[in-house]
Amino acid sequence: MSSNKNSKGKKLGAGLLMGLLALSLLGFGVEGFGTARQTIGTVGDRDITADEYARTLQNDLRALQAQLGQPITMEQARLFGLDQRALEQLIDQAALNTEADRLGVSAGDETVQAEILAIPSFQGLDGSFDRESYRFALQNAGLSEAEFETSIREEISRSILQLATIGGASAPEGLVEPLLEYQAQTRDFTVLTLTADDLDSPVGQPNNAELTAYYEANLERYTLPAGKRLDYAWITPEMLLDTLEADEDELRAAYEARASQYRQPERRLVERLILPDMTAAQDALDRITSGETTFEDVVAARGLTLDDTDMGDVTREALGAAGDTVFALNEPGVAGPVETNLGPAIFRMNAILAARETPFEDARTELRDALLMDRARRILAENIDLYEDLLAGGATVTQLANETEMQAGQIDWRPDVQSGIAAYEEFRDAARSVQAGDFAEILILEDGGMFALELVEELPAAPRPLEDIRTQAVQDWQTAEIRARLSAQADALIAEVESGTEIDALGIDSLRFADLSRSDPVPDLPRAVLTQAFELQSGELATVTDGARVHVVQLHAVASPDPDLDTTQQIRRALESQITQSYTQDLFGYFSGALRQSMPITLNQQMIDAVQQSF
């Protein structure tokens, strides 16, 4: 079997592989389930082991904690569906592994070896494979070399099976063409805009009768939505900061722990292009240097994009054998060729990032804030059981606040209230869903804070008194009056154009737009103007209202996209890619679903619960 590094199979296999490596480098941290091979279920002839489920859960849990920036309990993880997602992932993998075995699809030892040797985490400073790093990472992950290598072999086999399933999918022309016509079609049109300055006389102020009539006719605009009166108790990490201190030793230890952040060596923004051999690499470099071609063109000729070559900002050390060559450049340019662990390569250096060091004193405030916020979050996480026990014992949220450091409050919450504790989306969600008789529970805020709430009473929708919103009502009346008068003027102008007068001969400033597509900007005009232009037939007119402005739009011409234009071709390629991707996802979903239907699946819920309880 081919071990071509650029094969799609390898790219598909990289996702799970790197996720597993990320977990291994972080350390596992979940106790194993004994020496016996305990399973949480079977799919066909394949077992799903308890350790596999634990590792998958741990990986997903760490990813969610990194995303939210706070510790997550397994109970909270269940609310996000992490337990089911991990289980479904393992069932799908087992079904695919079974089918790959049935079809005789497998990856050879050389292919597996090439994958392992190419993993940066297993390489030493010289870029070569470091067996000690390999052993250490797998040990931290609780994996033997045989287990890890089997996981790579199976992932490659699943990728091959996936590619075989979706390889023939393509976007049908019958779908691409109408979408291309819709998205890339252009229009020529004229817009003239009427404002309050175009009125014969100012609108002025409404009298009491006019304002009252307008208020009553638009009462829904001034009505508070139904809401809820809520008692709550809450605490955030910030509330604890005044009670915490960080000593000098802790701050200096934190500074040293973040040395890579505060002491950054000189770096370069680099792109790397791997070529078949040194001759090809030297030829590419010579042609770029002479101006015969560009780096971009050479990348495209290899069937790659610049994203495939981008290494980001890297240090001399990170570049390995290429470090001296790239760092010898004193300004942006191309260097090489260099023999790397991935093969001969040329490098384009795009910018020099000077070495930077932030002294401890300059970083002190930032370090203190980060250290204390982290400590406050950990304190709250440790206290969650106390809060939950009090509520479970029958305490109200007010009593919860009285017996702990939490703060009590009451709020008349309505959907438009987003201040105080209601600035948190988690609180708004809880307020929206709480019902009479619900027991209070501890919920987590996005910053690591916690809260509990109780419903006091429902608040019906209620109109605001006119005197409370009189200024707003006057402004709204004036806007409506201006709009009504301008709309009448616009109707008269449209009638004049329809009778034979050119729109640009009406004596009102107008804007003419040519070759605009649906996605083009229309400066200083609402998006609705462009939308309206694409709903008209040639010669037709329409009005678009925008607050106290009224726009008159006349369409002059409709043009289908020119297939030879670069922009049209780019849109076509993007559409084909999106449609193909959608088709391939659907195809593989149907394939995976059919496999699962064709195989017996049994689950051991008792063992699944035991794994979850170990977190």
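Quick notes on the rules
Residues numbered from 1 in each chain as written. Predicted model: local features only at pLDDT ≥ 70, side-chain atom pairs only at ≥ 80, totals over all residues. Heavy atoms only, no water. Helix = DSSP H or I, 4+ residues; strand = E, 2+ residues; numbered from the N terminus. Polar contact = N/O pair within 3.5 Å; in protein donor to acceptor, adjacent residues only side chain to side chain. Contact = heavy atoms within 4.5 Å. Expected span 1.5 Å × (residues − 1). pLDDT = per-residue confidence, 0-100. Salt bridge = Lys/Arg side-chain N within 4 Å of Asp/Glu carboxyl O. Buried < 20%, exposed > 50% of the residue type's maximum accessible area, 1.4 Å probe, protein only. Axes fitted to C-alpha atoms, helices over the stretch in contact; angles between N-to-C directions. Parallel < 35°, antiparallel > 145°, perpendicular 65-115°, else oblique. Nonpolar A, V, L, I, M, F, W, Y, C, P; charged D, E, K, R; others polar. Pairing = 2+ DSSP bridges.

Novice: Which parts of the structure should I look at to understand the side chain of Arg 348?
Specialist: With respect to the helices and strands, the residue Arg 348 is situated in strand S10 (residues 343-353). Among the polar contacts made by the side chain of Arg 348, one reaches the side chain of Glu 296 at a distance of 2.9 Å. A polar contact of 3.4 Å, which involves the side chain of Arg 348, links it to the side chain of Asn 350. Contacts of Arg 348, omitting those with residues within four sequence positions, involve Leu 269, Val 270, Glu 271, Phe 295, Glu 296, Leu 306, Gly 333 and Val 334.

Novice: Explanation requested: helix H4 (residues 82-103) in the structure shown.
Specialist: It helps to recall that an α-helix has 3.6 residues per turn; residues three or four apart then point in one direction. The terminal C-alpha atoms of H4, which comprises 22 residues, lie 32 Å apart, in line with the 32 Å expected from a rise of 1.5 Å per residue. Of the residues flanking the end of H4, it is Gly 104, one or two places downstream, whose phi is positive at about 75 degrees.

Novice: Where do I start with the confidence of the model for the chain in this structure?
Specialist: The predicted coordinates should not be examined in detail at positions where pLDDT is low. Residues at a pLDDT of 70 or more form 93% of the chain, whose mean pLDDT is 86. Below a pLDDT of 50 lies the segment residues 1-32, which in the model reaches 67 contacts outside its immediate sequence neighbourhood of four places, other chains included.

Novice: Where do I start with the pattern of salt bridges in this structure?
Specialist: Side-chain pairs of opposite charge can arise where the charged atoms are in close proximity. A full pass over the atoms with the stated rule returns 27 salt bridges. Residues Arg 378 and Asp 374 are paired through a salt bridge, measuring 3.1 Å at the closest nitrogen-oxygen approach. Taken together, the positions of Arg 378 and Asp 374, both in helix H17 (residues 360-392) and four residues apart, correspond to about one turn of that helix. On the basis of relative accessibility, which here comes to 39%, the residue Arg 378 falls in the partly exposed class. Owing to a relative accessible area of 36%, Asp 374 belongs among the partly exposed residues under this scheme.

Novice: What's the story with the packing of helix H11 (residues 248-257) against H17 in this structure? I'm lost.
Specialist: Viewed as axis vectors pointing N to C, H11 and H17 meet at an angle of 100 degrees, and their least axial separation amounts to 9 Å. Regarding the angle of H11 to H17, the classification is roughly perpendicular. Between H11 and H17, the residues in contact are Glu 248, Glu 250, Leu 251, Arg 252, Ala 254 and Tyr 255 and Phe 360, Glu 361, Ala 363, Arg 364, Leu 367, Arg 368, Leu 371 and Arg 375, respectively. Considering only residue class, the contact of H11 with H17 consists of seven nonpolar, no polar and seven charged.

Novice: I would appreciate a short explanation of the pairing of strand S3 (residues 186-194) in the present structure.
Specialist: Successive side chains on a regular strand alternate, one facing one side of the sheet and the next facing the other. By the criterion of burial, S3 is predominantly enclosed, with eight of the nine residues buried. Here nine bridges tie S3 to strand S18 (residues 549-559), and the two strands are oriented antiparallel to one another. Opposite Thr 190, over in S18, you have Gln 554 as the bridge partner.

Novice: What should I look at first to understand unusual backbone geometry in this one?
Specialist: Residue Pro 337 is reached from Gly 336 by a cis peptide bond, and omega for that bond is -10 degrees. Of note, Pro 337 is situated in strand S9 (residues 333-340). Phi angles above zero are rare outside glycine, and Asp 515 is one such case at about 55 degrees. With respect to the helices and strands, the residue Asp 515 is situated in strand S16 (residues 510-516). Positive phi is not limited to glycine here, since Asp 524 has a value of about 65 degrees. Here Asp 524 is to be found in the loop between S16 and helix H21 (527-533). The exposure class assigned to Asp 524 is exposed, which follows from its relative accessible area of 72%.

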